[in-house]
Amino acid sequence: MIKPVPEPGAGKPDSTEPSKLNPGSKELDSNGLATDKVDTKTLVSRFVEGNDQAFAELIARFRRRIYGIASRILGNHLDADEVVQETFVRIYKRRKELQKISYFSTFLTRVATNYSIDLLRKRKNSSSVGDDTTSLPGDIQLDLARKVETPGQVLDNKRTMDRIRGALEKLPPKQKATIVLHDVEGYTKEEIASIFDCPQATVRSNLHIARAKLRKILKSRL
Amino acid sequence: MTCRHTLSLLDDFLDGSLPDSDVIALNRHLDQCESCRQEIHQAKAVKENLEKLPAQEPGEEYFEEASRLILARTGHLNRIENARSFPAYDKSAAYQLSEAKTAFLRSAVSFIIALFVLSSAVYIDTQAPGQLTENQRPQSKLYVSVDLTELQNADNEIIVTVAEQNKIARGMLLMGPPGSLGRGPTLNQILQSLE
């Protein structure tokens, strides 16, 4: 049972992008309101009742957040894509449980994070973690390249971020997920405890150890 | 404040959740301790860079495609679930109806064939000449000739040739119904009785 904690990512509101599955036609609910104006709780209720449009809207609302967490934990596009798809398919399979949970976002993040950790453990065992940009399709790499402002800036930033990513890769999966959720995604310790279904003290301990390891790895390199 | 105590407060200091009194004490220690100052500087740099760690941006097209794939997969799951949830409906509505139709057709065809055979028999019987009495029936005898002498005194020998097998088979016709081989009298006894 998920503990009643504030909706995670309060500082990072859900994406309000409308569903583009049917471009040009904004879906309306039974009250004539666009589905992107409907709150998450209502959408979840409709989804549990079997409304596929509500599910499509939930995907559109949370897919970026799930992708962000997964890509930062796993470090490559292909695995992040797998996490995004598998998370929502698992949510669909377990939709009856959604009636009992307090916060959809926590449940979703828990499913995504746990799947990411499992995948990371699997990848570490097979030692086949891909490079974060080389694993992206060519057109996406071009999109990333277009964001370059000056070659010098990009090089410095890239080196720093590569070092950070490299150091993150060396952390055990759970510690990596904890530091990504806390320091990168901005989740509180209470929210992370709820996501991992563990005491806050465990989160504090994991965070402390992970930060100490990162400092040690990155010592005098930043 | 010792260095060990300072480092134990590091996480709360970085997260901004350290009480003011501890912050003052920590700053006082940092002013005097180069090692801890370096540690705090390093920790801040790591945290700031983590906060800036960019997420990959695969573009809107990717997210739309991912959504389509998810909906296709869940749609497939939904169809499977529905098929499992309503087997009775499927059976009564379509399957059971066709089963009943087939059974009815089979029964009707069987009944018509049986009726045809019966009426044919009755028709043939009415067309035949009058019933024959017991004495009018032709008396005929069936004569079967089999040469079993070759097999005399050979009961315990292995039957090898085809000729032997054929003769035994013909002998069986005389002795009784098929399957009685070896259960009746021996061949010698038969031959003796025939003589």
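Residues numbered from 1 in each chain as written. Chains lettered and ligands numbered in written order. Predicted model: local features only at pLDDT ≥ 70, side-chain atom pairs only at ≥ 80, totals over all residues. Heavy atoms only, no water.

**Points about the overall build of chain B**
Broken down by element type, chain B carries 8 helices and 0 strands. Tracing chain B from N to C terminus, the helices and strands come up as α-α-α-α-α-α-α-α. The buried share among the 195 residues of chain B stands at 22%. Considering only contacts within chain B whose residues lie at least 6 apart along the sequence, 47% involve residues at least 24 apart. On chain B, roughly 14800 Å² of surface is accessible, and the fraction owed to carbon and sulfur atoms is 58%. (Helix = DSSP H or I, 4+ residues; strand = E, 2+ residues; numbered from the N terminus. Buried < 20%, exposed > 50% of the residue type's maximum accessible area, 1.4 Å probe, protein only. Contact = heavy atoms within 4.5 Å. Areas by Shrake-Rupley, 256 points an atom, 1.4 Å probe, with all protein chains shown as cover.)

**As for the packing of helix 7 (residues 173-184) of chain A against helix 4 (residues 34-52) of chain B**
For the pair helix 7 of chain A and helix 4 of chain B, the least separation of the axes is 8 Å and the interaxial angle reads 80°. The angle between helix 7 of chain A and helix 4 of chain B falls in the class roughly perpendicular. Side by side, helix 7 of chain A and helix 4 of chain B meet where Ile179, Asp183 and Val184 of chain A of the first sit next to Lys47, Leu50 and Glu51 of chain B of the second. Its residues assigned to classes, the contact of helix 7 of chain A with helix 4 of chain B comprises 3 nonpolar, no polar and 3 charged. (Axes fitted to C-alpha atoms, helices over the stretch in contact; angles between N-to-C directions. Parallel < 35°, antiparallel > 145°, perpendicular 65-115°, else oblique. Nonpolar A, V, L, I, M, F, W, Y, C, P; charged D, E, K, R; others polar.)

**Digging into the interface of chain A and chain B**
How big an interface is tends to be expressed through the accessible area that disappears when the partners come together. Chain A puts 50 residues into the contact, and the matching count from chain B is 37 residues. Between chain A and chain B, a total of about 4100 Å² is buried, with carbon and sulfur atoms accounting for 57% of that surface. When the buried surface of chain A facing chain B is broken down by residue, Arg64, Gln85 and Arg215 of chain A rank first, second and third, together holding 16% of it. One can count 11 salt bridges joining chain A with chain B. Connecting chain A to chain B are 18 residue pairs in polar contact (both at pLDDT 80 or more). In the side of chain A that touches chain B, the residues fall into 21 nonpolar, 11 polar and 18 charged. (Buried area = accessible area lost by both parts, 1.4 Å probe. Salt bridge = Lys/Arg side-chain N within 4 Å of Asp/Glu carboxyl O. Polar contact = N/O pair within 3.5 Å; in protein donor to acceptor, adjacent residues only side chain to side chain.)

**Topic: the packing of aromatic side chains**
Residue and element names in this part refer to chain A. Per the stated rule, a full pass over the model turns up 7 aromatic pairs over all chains. The interplanar angle of 15° and the centroid separation of 4.6 Å between the aromatic rings of Phe47 and Phe55 together place this pair among those described as stacked. Pair check on accessibility: Phe47 and Phe55 agree, each one buried. One aromatic cluster is present, built from ring pairs that chain together Phe47, Phe55 and Tyr92. (Phe/Tyr/Trp six-rings, centres within 6.5 Å; stacked < 30°, edge-to-face > 60°.)

**A look at the confidence of the model for chain A**
All names here are of chain A. Per-residue pLDDT for chain A has a mean of 77; in total, 69% of the residues score no lower than 70. Ranking the helices and strands of chain A by mean pLDDT puts helix 3 (residues 77-93) first, with 94, and helix 5 (residues 138-146) last, with 41. Taken together, the stretch residues 8-33 has pLDDT below 50 and engages in 52 contacts with residues farther than four places along the chain or on a different chain. Below pLDDT 50 for its whole length, residues 128-149 participates in 32 contacts with residues either more than four positions away or in separate chains. (pLDDT = per-residue confidence, 0-100.)

**Observations concerning the pattern of salt bridges**
Per the stated rule, a full pass over the model turns up 23 salt bridges over all chains. The salt bridge partner of Arg73 of chain B is Glu86 of chain A, with a shortest N-O separation of 3.0 Å. Placement of Arg73 of chain B in helix 5 (residues 60-85) and of Glu86 of chain A in helix 3 is noted, with the two residues assigned to different chains. Among the residues examined, Arg73 of chain B registers a relative accessible area of 33% and is labelled partly exposed.

**A closer look at helix 7 of chain A**
All names here are of chain A. For helix 7, spanning 12 residues, the distance from its first C-alpha to its last is 15 Å, which sits close to the expected 16 Å at 1.5 Å a residue. Of all 12 residues in helix 7, 11 are buried, a share of seventy percent or more. Among all positions in helix 7, only Pro173, Gln175, Lys176, Ala177, Thr178, Ile179, Val180, Leu181, His182, Asp183 and Val184 are buried. Within two residues after helix 7, Gly186 carries a phi angle of roughly 85°, on the positive side. (Expected span 1.5 Å × (residues − 1).)

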